[in-house]
2 protein chains.
Amino acid sequence: MKLIVQKFGGSSVRDAQRIQNVAGIIADTYRTGSNVIVVLSAQGDTTDDLIAKAKEINENPSKREMDMLLSTGEQISIALCAMALEKMGIPAVSLTAWQVGIQANRTYSNARIKKIDRERIQSELDRKKVVLVAGFQGVNRYGDVTTLGRGGSDTSAVALAAAFNADLCQIYTDVDGVYTTDPRIVQGALKLNEITYDEMLELASQGAQVLHNRSVELAKKYGVNMEVVSSLERKPGTKVKEVCKMEKNNIAGVAKDTSIARIALVGLEHSPGVAFKVFSLLGQARINVDTIIQSIGREEQKDISFTLSETSVSEAVKVLEENRESLRFDHITVDDKIAKVSIVGAGIMTTPGVAAKMFEALYDANINIQMINTSEIRVSVLIDQEDANRAVKAVHDRFFGGEE
Amino acid sequence: MKLIVQKFGGSSVRDAQRIQNVAGIIADTYRTGSNVIVVLSAQGDTTDDLIAKAKEINENPSKREMDMLLSTGEQISIALCAMALEKMGIPAVSLTAWQVGIQANRTYSNARIKKIDRERIQSELDRKKVVLVAGFQGVNRYGDVTTLGRGGSDTSAVALAAAFNADLCQIYTDVDGVYTTDPRIVQGALKLNEITYDEMLELASQGAQVLHNRSVELAKKYGVNMEVVSSLERKPGTKVKEVCKMEKNNIAGVAKDTSIARIALVGLEHSPGVAFKVFSLLGQARINVDTIIQSIGREEQKDISFTLSETSVSEAVKVLEENRESLRFDHITVDDKIAKVSIVGAGIMTTPGVAAKMFEALYDANINIQMINTSEIRVSVLIDQEDANRAVKAVHDRFFGGEE
């Protein structure tokens, strides 16, 4: 018998009507004879509302209590959806993370799933019930609730699919799949029928917001077949899997990330190990650095510049300023008016001319490239933020043949 | 070291300001050096809002899913209150019923507590934490959440006080204690310093809404000292305990219940066992009957009338009509324009003249008594509903000496 895991996000369950719609999708799947495990997020703005309630009382609540508070959102969703299924005559049961036994580590607010107990869910599936599981939550070894951080419900779904060796893990959302680029920016954006885990990972980390990285990493690790599909229209979505059919384009998509900034340390002393010192300090402060460029030293001084998430800038500057004495730099400059545009595709670095095609498209559009960064399956360029949308369109059109 | 259990109801935690107020009361108690276990209800209208959400999706949701849904309300309260205490520098931890191990039976929506595990709470108390427990909920042996029915959080508090042999169980509410009668009806109503469990039980079941019966029964069974106290004003409340000092009045209070109705079965066949048949049928349908009066039989026929809760009337009439054949009565009459006024006091039936004093007060006020019903510590009279407030005032004034 087939087993399908279906995950629905917050906007898909935001009110009674949407919940009934979701129950309809679940019921259709159940009626094909499949076993169904459903993972739900909190309704619409519930999480934000709860955070606001907390902040009204304590600007800086402990993460343990925050997780206790926020985990109620998903519990409400699963209970309501179970009621909607009952109404349709479909047997259903809602289960929280502690009822399932979703064992997580003790990192409150950003826990990792360690193990999922199978007994309770299996016994409910054996009784022909649709099992609705609260996403985004786990239980640590102290018996406390922990939440899984951003994209946590996607991670819950993939972890359940892995634990139960599901045939498919469907991520329902309000878009109908993964596109070659953001359809709001480029009219000619194409929906992909399929994409590899690695491509999806690169697209996600380069700014595409369809799936969260951790869920894709987990899917790749356990070989879980994923599908990104619309909860509002009944049509095929995008499959995410290990190997895809070769398509006529060498790239899967074009992504844009404007939430980055560049920090430059100007006038660093030109001594060995200074770069190591800078980045180990940032690492200790848990600040992720993306692209690094070290200028060629002129005389005794050099500059180091690197990009990082906009949200980490003030923390990074603080750490660097605190160590000004030992690092001995002249001054810091911060530029947050930059953007990163990336092309992602399984064979990019092994296919000659792909990177060149991108640079050419940008050159023709008169867009200046500040930095370049590549991986096995990605080429990223750093450009002025005001050029970002134009760059995405130019590159996308060059590869996917939109109008010039 | 003293251990105090404090319970705060929904109106006491309805918004951020009230939660901060509650945290202040808890902090003051903690700072006296006591161990503190706190039980909280859901905030203000949360439970009603959740019920409305459910009904929008399914008019008749399963009780299991309803309990799953409603139990989130208390979880939100305890997390928020823990944050408020943290802000004040008081170490606190919130725990749900499953984290504590509040074992309940499997009656969803109206479960009974069977046993409370001590380990988790004790370990938190040992670490000098205020322990905040979600009221109104338990976990059954299947690992499912059950709720404890009306007054459930009071019951949670008393059960915890019993399990931990607490020195005191304080029930904080928006009134400042138990009164000799409803202060909204009678100006001269007096606050009692103390009241016995039995008196409190009778007052509660005769319409006083301060404490729910189950919590008082439990307190009596385990000898838990309770105190009803205001969460808005810092002043002594009413102690509820086994034996009270004799006060100058023989009664503890006057109660009124207008949510009752009288059903009469007219023209019943005068055969042995017919009354037994009527009341066993109602018992099987789980309908509680209060006062019963069987008229003296005239020739072959007699009437039976009894009072019951207004909410049970339609169900009772249905059961009786369905058995019209076997019961052989002529017709049914229903009167919901009645009220019950009761005096409650530990020594009522052993003190000559107390009941007579009540009847005399009613007679002087020209109020007609339809039925009388007594227990060891209570005298109740059935009267016209429109006379109810006048009757309460007349009786209260006679015993507690208000203006005539």
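Structure shown above.
Here the structure is a predicted model, which means the values were calculated and not measured.

Calculation rules
- Residues numbered from 1 in each chain as written.
- Chains lettered and ligands numbered in written order.
- Predicted model: local features only at pLDDT ≥ 70, side-chain atom pairs only at ≥ 80, totals over all residues.
- Helix = DSSP H or I, 4+ residues; strand = E, 2+ residues; numbered from the N terminus.
- Buried ≥ 20, exposed ≤ 12 C-beta atoms within 10 Å, placed from the backbone.
- Contact = placed C-beta atoms within 7 Å.
- Axes fitted to C-alpha atoms, helices over the stretch in contact; angles between N-to-C directions.
- Parallel < 35°, antiparallel > 145°, perpendicular 65-115°, else oblique.
- Left-handed = near helix turned anticlockwise from the far one by under 90°.
- Nonpolar A, V, L, I, M, F, W, Y, C, P; charged D, E, K, R; others polar.
- Pairing = 2+ DSSP bridges.
- Least-squares fit on C-alpha atoms with pLDDT ≥ 70 in both.
- Expected span 1.5 Å × (residues − 1).
- Core = buried A, V, L, I, M, F, W, Y, C linked by C-beta atoms within 7 Å.

**Q** It is not clear to me how the overall build of chain A should be interpreted in this structure. Could you clarify?
**A** Within chain A, the regular secondary structure consists of 13 helices and 20 strands. The buried share of chain A, taken over its 404 residues, is 48%. The long-range fraction of contacts in chain A, counting pairs at least 24 apart against all pairs at least 6 apart in sequence, stands at 75%.

**Q** For this particular structure, what's the right way to read the environment of Glu242(B)?
**A** Residues and elements named next belong to chain B. One can find Glu242 in the loop between strand S12 (238-241) and strand S13 (253-257). In this structure Glu242 comes out as exposed when scored by C-beta crowding, with 12 C-beta atoms within 10 Å. Put simply, Glu242 and Ala219 are 23 residues apart on the chain and 9.3 Å apart in space, counted from C-alpha to C-alpha. Beyond its immediate chain neighbours, meaning those up to four positions away, Glu242 contacts Thr196, Tyr197 and Gly223.

**Q** Quick question: what am I supposed to make of the packing of helix H3 (residues 63-87) of chain A against helix H3 (residues 63-87) of chain B here?
**A** A pair of packed helices can be characterised by two numbers: the angle between their axes and the separation between those axes. Two elements in contact, H3(A) and H3(B), have axes separated by 8 Å at closest approach and are oriented at 165 degrees. In this view, H3(A) runs roughly antiparallel relative to H3(B), as classed from their interaxial angle. At the point where H3(A) passes H3(B), the crossing takes the left-handed sense. Residues Glu65(A), Met68(A), Leu69(A), Thr72(A), Gln75(A), Ile76(A), Ala79(A), Leu80(A), Ala82(A) and Met83(A) of H3(A) form the contact with H3(B), whose own contacting residues are Glu65(B), Met68(B), Leu69(B), Thr72(B), Gln75(B), Ile76(B), Ala79(B), Leu80(B), Ala82(B) and Met83(B). Of the residues that constitute the contact of H3(A) with H3(B), the class distribution is 14 nonpolar, 4 polar and 2 charged.

**Q** Before we go on, may I ask you to explain the sheet that holds strand S1 (residues 3-8) of chain B in this structure?
**A** Residues and elements named next belong to chain B. Strand order in this open sheet of 8 strands is S3-S6-S2-S1-S9-S11-S12-S10, and the pairing throughout is mixed. Only two strands of the sheet have a single partner each, and these edge strands are strand S3 (92-95) and strand S10 (194-196). When the angles between neighbouring strand axes are averaged without regard to direction, this sheet yields 20 degrees. Note that S3 and strand S6 (residues 130-134) share 4 bridges and pair parallel. Of the residues in S6, the one forming a bridge with Ser94 is Leu132. Against the sheet, helix H6 (residues 152-163) engages S1, strand S2 (35-40), S6, strand S9 (168-173) and strand S11 (226-230), with an angle of about 175 degrees to S1.

**Q** Would you explain the relation of the copies chain A and chain B in this entry?
**A** To go from the first copy of the chain to the second, apply a rotation about an axis and then a shift along the same axis. Relative to chain B, chain A is turned by 179 degrees and slid 0.1 Å along the rotation axis, the superposed coordinates differing by an RMSD of 0.2 Å. These values place the two chain copies in the arrangement generated by a two-fold rotation axis. Taking the C-alpha atom as reference, chain A places Thr72(A) closest to the rotation axis, 2.8 Å from it.

**Q** Any chance you could explain the packing of helix H6 (residues 152-163) of chain A against helix H8 (residues 213-222) of chain A here in plain terms?
**A** All names here are of chain A. For the pair H6 and H8, interaxial distance at closest approach is 8 Å and the crossing angle is 10 degrees. Classified by the angle their axes make, H6 and H8 are roughly parallel. Of H8, the residues touching H6 (which contributes Asp154, Thr155, Val158, Ala159 and Ala162) are Arg214, Ser215, Leu218, Ala219 and Tyr222. Taken together, the residues of the contact of H6 with H8 break down into 6 nonpolar, 2 polar and 2 charged.

**Q** I would appreciate a short explanation of the sheet that holds strand S19 (residues 371-375) of chain A in the present structure.
**A** Two modes of strand pairing occur in sheets, parallel and antiparallel, and in both the strands are linked by backbone hydrogen bonds. Residues and elements named next belong to chain A. Judged by pairing direction, the sheet is antiparallel, and its 4 strands sit side by side in the order S13-S18-S20-S19 without closing on themselves. Here the strands that pair on one side only, and so sit at the sheet edges, are strand S13 (253-257) and S19. Taking the axes of each pair of neighbouring strands and ignoring which way they run, one obtains an average angle of 20 degrees across the sheet. When strand S18 (residues 338-344) meets strand S20 (residues 378-384), the two strands line up antiparallel, connected through 7 bridges. Residue pairing in the sheet places Val341 in a bridge with Val381 of S20. In the packing of helix H7 (residues 197-205) onto the sheet, the strands contacted are S13, S18, S19 and S20, and the crossing angle to S18 comes to about 170 degrees.

**Q** Please clarify how the interface of chain A and chain B should be interpreted in this entry.
**A** Each partner contributes residues to the interface: chain A has 28 residues there, and chain B has 28 residues. Elements supplying a minimum of two residues to the side of chain A that touches chain B: helix H1 (16-31), helix H2 (46-57), H3 and helix H4 (97-100) of chain A. Top contributing element to the side of chain A that touches chain B by residue count: H3(A), with 13 residues. Considering only residue class, the side of chain A that touches chain B consists of 14 nonpolar, 8 polar and 6 charged.

**Q** How should H3(B) be read in this particular structure?
**A** Note that an α-helix has 3.6 residues per turn; residues three or four places apart therefore point the same way. Residue and element names in this part refer to chain B. With 25 residues, H3 ought to run about 36 Å at 1.5 Å a step, and its terminal C-alpha atoms sit 37 Å apart, in line with that. Burial of H3 is extensive: 23 of the 25 residues sit out of reach of the surface. Remark: Gly89 follows H3 within two positions and exhibits a positive phi of approximately 85 degrees.

**Q** Honestly, the nonpolar core in this entry has me stumped. Any pointers?
**A** A general feature of soluble globular proteins is that nonpolar side chains tend to end up buried together. Counting residues in hydrophobic clusters, the biggest one holds 244 residues, and the most contacted among them are Cys81(A), Leu132(A), Cys81(B) and Leu132(B). Other than its neighbours up to four places away in sequence, Cys81(A) contacts Val13(A), Ile19(A), Val22(A), Ala23(A), Leu40(A) and Leu132(A).

**Q** How should I be thinking about the environment of His270(B) in this particular structure?
**A** Among the structural elements, His270(B) can be located in the loop between strand S14 (260-269) and helix H9 (274-284). When the C-alpha positions of His270(B) and Ala166(B) are compared, they lie 55 Å apart, and in sequence the two are 104 residues distant.

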